[in-house]
Amino acid sequence: MSIASNLNTIKASLPENVTLVAVSKTKPVSDLMEAYESGQRIFGENKIQEMTDKWEEMPKDIQWHMIGHVQTNKVKFMAPFVNLIHGVDSLKLLQEINKQSLKNNRIIDCLLQIYIAEEESKFGLDENELNELLTSTEFKELKNIRILGLMGMATFTENQNQIKKEFTRLKSIFDSIQHRKDEQLQISKISMGMSGDYKLAIECGSTMVRIGSSIFGGR
Ligand SMILES: *Cc1c(COP(=O)(O)O)cnc(C)c1O
């Protein structure tokens, strides 16, 4: 199957309110261009250097999403162009994004990553840390970032019940912060679901799916 036909099949299966992030990490620009030419404009990468290289080379109407874990000292490289940072999991990182955003005269949109999996290796905040962050005075001072919602990754398992439980938990945390009114909060997006579990994620309320291998093939 070609990248274009994979994309079309997936897009046809998504409800209208669900955004598709085409996860292109490790793939060559030629593959991304094939997706671009069939209409895809949102790409997700997990390494800042690789995303920056692709941004330089590719058309400027692409929206670049950083979906990987972000090291504070690398924020400056993507600050001029990144469209959405999915994996924000600390005040310290938000402060750095705010600083670099200000330098670039921008407001950078972010999602806060919530830890929902039963795996040591996944990053993210727990519910208490999330609430502490959102109510802190330091957070309220950050005028050059905007929080659009939450992101989470389920446990890597075949157990659909467990995945469903984790996605449902993320949705309920999302619902619990939706009423918050702050200048830098516009809670409307939940980024959850990858190639193996995006249909389940959508059933559980996802509004943004991050799909790589089902579009571009295995890595
Ligand atoms: C790689 C990656 C994806 C896409 O995974 P696939 O299984 O290839 O669809 C989604 N989200 C994150 C955070 C990733 O690192």
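Before going into details, it helps to say that this report is about the structure given with it. (Residues numbered from 1 in each chain as written. Predicted model: local features only at pLDDT ≥ 70, side-chain atom pairs only at ≥ 80, totals over all residues. Heavy atoms only, no water.)

1. Regarding the pairing of strand E1 (residues 19-23)
The buried count for E1 comes to 4 of 5 residues, which makes it a mostly enclosed element. As defined by bridge partners, E1 adjoins strand E2 (residues 42-45) across 2 bridges and the pair is classed as parallel. Considered in E2, the bridge of Ala-22 is made with Phe-43. Between the parallel pair E1 and E2, the chain is carried across by helix H2 (residues 29-37), and the sense of this crossover is right-handed. (Buried < 20%, exposed > 50% of the residue type's maximum accessible area, 1.4 Å probe, protein only. Helix = DSSP H or I, 4+ residues; strand = E, 2+ residues; numbered from the N terminus. Pairing = 2+ DSSP bridges. Right-handed = clockwise from strand over helix to strand, strands pointing away.)

2. Here we look at the packing of aromatic side chains
Under the counting rule described, the total for this entry stands at 2 aromatic pairs. Taken together, a centroid distance of 5.8 Å and an interplanar angle of 35 degrees make the contact between Phe-43 and Trp-64 tilted. Linking Phe-43 in strand E2 with Trp-64 in strand E3 (residues 63-66), this pair joins segments that are 21 residues apart in sequence. Under the relative-accessibility criterion, Trp-64 is labelled buried at 0%. Ring centres of Trp-55 and Phe-81 lie 4.1 Å apart, and the angle between their planes is 5 degrees; on these two criteria the pair is classed as stacked. Taken as a pair, Trp-55 in helix H3 (residues 48-57) and Phe-81 in the loop between helix H4 (75-78) and strand E4 (84-88) lie far apart in primary sequence, 26 residues in all. Residue Trp-55 is classed as partly exposed on the basis of its relative accessible area of 23%. (Phe/Tyr/Trp six-rings, centres within 6.5 Å; stacked < 30°, edge-to-face > 60°.)

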